[in-house]
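Examining the three-dimensional arrangement
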Amino acid sequence: MAEDTQVAQLSFEDALKELERIVTQLESGDVPLDRAIDLYQQGDALRRQCAERLERAQMRIEAVRAGADGQPTGTQPFNAG
């Protein structure tokens, strides 16, 4: 789908800005139903793209583990929880 390709090419920041623009339009209540459905679909694609990028970024972040002597012993995946 061409729209998915366009979404994939956006930077995270641009995708987030576009998603915010869509949310503002939908919240205004001034959008005809057919257009609202289209905007919702676009927004969902942008939301999924942003979520995937955040997940990939989180996987790349690593925390250094230290041994009993305080020296780094390796890395472990980042865990925000």
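Refer to the structure presented above.
The next point concerns the overall build of the chain. Looking only at helices and strands, the chain features 3 helices and 2 strands. Helices and strands appear in the chain in the N-to-C order α-α-α-β-β. Put simply, the chain has 81 residues, and 16% of those count as buried. Of all intrachain contacts in the chain linking residues separated by at least 6 positions in sequence, the fraction that spans at least 24 positions is 41%.

What follows deals with the pattern of salt bridges. Overall, the coordinates contain 3 salt bridges when judged by the stated rule. Note that arginine 21 is salt-bridged to glutamate 18, the shortest N-O span being 2.4 Å. With arginine 21 and glutamate 18 both in helix H2 (residues 12-28) and 3 residues apart, the pair spans about one turn of that helix. On the accessibility criterion, arginine 21 (36% relative accessible area) is partly exposed. Aspartate 44 is the partner of arginine 47 in a salt bridge, and the nearest nitrogen-oxygen pair spans 3.0 Å. Separated by 3 residues within a single helix, arginine 47 and aspartate 44 lie in helix H3 (residues 33-60), roughly one turn from each other. Given the relative accessible area of 43%, arginine 47 is considered partly exposed.

Formed by Val7, Ala15, Leu19, Ile22, Leu39, Ala45, Leu46 and Cys50, the largest nonpolar core amounts to 8 residues. Among the secondary structure elements, those contributing two or more residues to this core are H2 and H3. Ranked by residues supplied to this core, first place goes to H3 with 4 residues. With residues up to four places along the chain from it excluded, the contact list for leucine 19 reads Gly43, Leu46 and Arg47.

Reading the values: rules and limits
- Residues numbered from 1 in each chain as written.
- Predicted model: local features only at pLDDT ≥ 70, side-chain atom pairs only at ≥ 80, totals over all residues.
- Heavy atoms only, no water.
- Helix = DSSP H or I, 4+ residues; strand = E, 2+ residues; numbered from the N terminus.
- Buried < 20%, exposed > 50% of the residue type's maximum accessible area, 1.4 Å probe, protein only.
- Contact = heavy atoms within 4.5 Å.
- Salt bridge = Lys/Arg side-chain N within 4 Å of Asp/Glu carboxyl O.
- Core = buried A, V, L, I, M, F, W, Y, C linked by side-chain atoms within 4.5 Å.

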